[in-house]
Amino acid sequence: MISSYYVDVDGVKICVETNNGPKENGTMCCFVSAGRDSRSYHGIMNYLQDRYEVICFDMPGHGKSWPLPGLKCLDNYVDFCEFIIRTFEVLGIENPICLGAALGGNACFYLAQHIPIRAIVSMTGTDYSPFVSQNVIDNLDHPYASVQHTHLDFTNSLIGSAVPQENRDLILWGVISECGRTKKADYGGVYNGFDVRKDMDKVTCPCLIIRGGDDWSENQQMHDEVMARLVNCRYLSYKVIPGIAHYHPTEAPELISDVIVQFLQEAKA
Amino acid sequence: MSNQEKLEKFKKLQEMINGPEAAEFLDYWDGRFFTGDMTFIMNGVPFNMFFYKGKMIDVFIGQPSNGYNVGLSGDEEQWNTFFQHRNFQLATSVKHCDRPFTNLGSALANRQNNAVIAQVARLTAKAFCD
């Protein structure tokens, strides 16, 4: 059963959710896509509750976590990822299995470059997200533009063709309940301009990279380039899953969980 | 297809938006909040639609008298590509599309009305091709 509690990280109340699963096989720590919260991983948490401890904490200003002082969110990838590392320290988590989707998938690469990680699962993640125009970013938290409405079609377009209605609804509810300021910090600050390419040779843990077959926002070249830079990773697996697109943990939690468990067994992680 | 034939397709679109597609357009895609001009330029020719609270009042060939409010501009190839995949977000993404549509009007106005424009564009594809 999923339960939640708060911890203090750098003076900020951070909401942590856990499936209270067994720790013997390792602890999975999950990171969400831009603007979203830990509900994205409830399906995986429930599905794996008898096999793995699965934890997801909301970053400052996300879900039920407090924002930073001054009503701010972390708005660059170094601060964002270093906050994750300090949260690991507060929670006493060592050598976790890191799962991340989109922005969270990017963060996995940074983490694997800087602290001991048992394995990473990067779903639609990349080591390099080029910067887009400032207009696009500013309009994410504009007094005359509601992100809940302006991004409905964008989110809709990134849900796979085989996703059941219940899962589709949760993803859409994710955008309908999004906070513009959080989205701007995540997408405009953390995701766009993310660049950890030069340290990809420091990633040594097993890596699973998953791409949704219906995700128009990615292309094969992007993944090929990421994998080419993972020159020291002990075990590398790449899966393209048809019928899903960009929100893997919410689109197909059982299928994704099975793929992850199989990868961990193959990698002996 | 001649410009006159295209205009006929837009008139078919008008019937769709005000008829069988109205409920979804107004309620789900927030069309009920849209009043003003929306222009789709095809190969340099502007097809201008005027809406009042999501109802398409008029469509004609020409620029809106107050300048472009929101809309898209593309050549024949860009529109044909969009009519095939019908993914509005891909067709307007400067990051993911080699030849994205050009937005008409301000970036803010297009962002505010993103869902409405997306649905009108998809229904235009339907009116032209289905």
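Residues numbered from 1 in each chain as written. Chains lettered and ligands numbered in written order. Predicted model: local features only at pLDDT ≥ 70, side-chain atom pairs only at ≥ 80, totals over all residues. Heavy atoms only, no water.

## A word on the side chain of Glu53(A)
Residues and elements named next belong to chain A. Relative to the elements of secondary structure, glutamate 53 occurs in strand 4 (residues 53-57). Within the structure, the side chain of glutamate 53 is placed 2.5 Å from the side chain of threonine 27, a separation counted as a polar contact. When residues no more than four places from it in sequence are discounted, the contact partners of glutamate 53 are Thr18, Asn19, Gly21, Pro22, Lys23, Gly26, Thr27 and Met28. (Helix = DSSP H or I, 4+ residues; strand = E, 2+ residues; numbered from the N terminus. Polar contact = N/O pair within 3.5 Å; in protein donor to acceptor, adjacent residues only side chain to side chain. Contact = heavy atoms within 4.5 Å.)

## A closer look at the packing of aromatic side chains
Within this structure, the stated rule accounts for 22 aromatic pairs over all chains. Taken together, a centroid distance of 5.9 Å and an interplanar angle of 10 degrees make the contact between Tyr187(A) and Tyr191(A) stacked. Here Tyr187(A) pairs with Tyr191(A), and both are found in helix 8 (residues 180-191), just 4 residues apart, close to one helical turn. Both rings, one in Phe82(B) and one in Phe101(B), keep their centres 5.9 Å apart while their planes meet at 65 degrees; by these two values the pair is edge-to-face. Of this pair, Phe82(B) sits in helix 3 (residues 76-85) while Phe101(B) is found in the loop between helix 4 (88-91) and strand 5 (102-105), placing the two residues 19 residues apart along the sequence. The exposure classification of Phe82(B) matches that of Phe101(B), with both residues buried. (Phe/Tyr/Trp six-rings, centres within 6.5 Å; stacked < 30°, edge-to-face > 60°. Buried < 20%, exposed > 50% of the residue type's maximum accessible area, 1.4 Å probe, protein only.)

## Looking at the nonpolar core
Ranked by internal contacts, the top residues of the largest apolar core, which has 45 residues, are Phe31(A), Phe57(A), Ile84(A), Phe88(A), Ile120(A) and Leu230(A). Discounting chain neighbours no more than four positions away, the residues touching Phe88(A) are Cys29(A), Phe31(A), Phe57(A), Ile93(A), Pro96(A), Cys98(A), Leu111(A) and Ile115(A). (Core = buried A, V, L, I, M, F, W, Y, C linked by side-chain atoms within 4.5 Å.)

## Quick look at the interface of chain B and chain A
Facing the 18 residues of chain B at the interface are 21 residues of chain A. Contact between chain B and chain A buries roughly 1,700 Å² in total, counting both sides, with carbon and sulfur atoms accounting for 60%. Per-residue buried area on chain B facing chain A is highest for Gln89(B), Lys95(B) and Arg111(B); these three make up 35% of the total on that side. Counting across the chain B and chain A interface gives 1 salt bridge. For Asp153(A), the salt bridge identified is with Arg122(B), shortest N-O distance 2.8 Å. Between chain B and chain A we count 7 residue pairs in polar contact (both at pLDDT 80 or more) in total. Counting only elements with at least two residues in the side of chain B that touches chain A, the list comes to helix 4, helix 5 (107-112) and helix 6 (114-129) of chain B. Here the side of chain B that touches chain A is built from residues that sort into 8 nonpolar, 6 polar and 4 charged. (Buried area = accessible area lost by both parts, 1.4 Å probe. Salt bridge = Lys/Arg side-chain N within 4 Å of Asp/Glu carboxyl O. Nonpolar A, V, L, I, M, F, W, Y, C, P; charged D, E, K, R; others polar.)

## A few points about the state of the cysteines
Residues and elements named next belong to chain A. Under the defined criterion, the tally for this structure stands at 0 disulfides over all chains. Cysteine 30 forms no disulfide, and the closest cysteine sulfur to it belongs to cysteine 56, at a distance of 5.4 Å. You can call cysteine 30 buried: its relative accessible area is 1%. Of the cysteine sulfurs around cysteine 98, a residue in no disulfide, the closest is that of cysteine 108, at 5.4 Å. Residue classification places cysteine 98 among the buried residues on the basis of a relative accessible area of 0%. (Disulfide = S-S within 2.5 Å.)

## Focus: the pattern of salt bridges
When the charged atoms of two side chains lie near each other, side chains of opposite charge can form a pair. By the definition in use, this model includes 18 salt bridges over all chains. Note that Glu178(A) and Arg36(A) form a salt bridge whose closest N and O atoms lie 2.8 Å from each other. Taken together, the positions of Glu178(A) in the loop between helix 7 (165-176) and helix 8 and Arg36(A) in the loop between strand 3 (27-31) and helix 1 (42-47) put the pair 142 residues apart, joining distant regions of the chain. You'll find Glu178(A) and Arg36(A) in the same group, each marked buried. Across the pair Arg86(B) and Asp130(B) runs a salt bridge whose closest N-O atoms are separated by 2.9 Å. In this pair, Arg86(B) sits in the loop between helix 3 and helix 4 while Asp130(B) sits in the segment after helix 6, placing the two residues 44 residues apart along the sequence.

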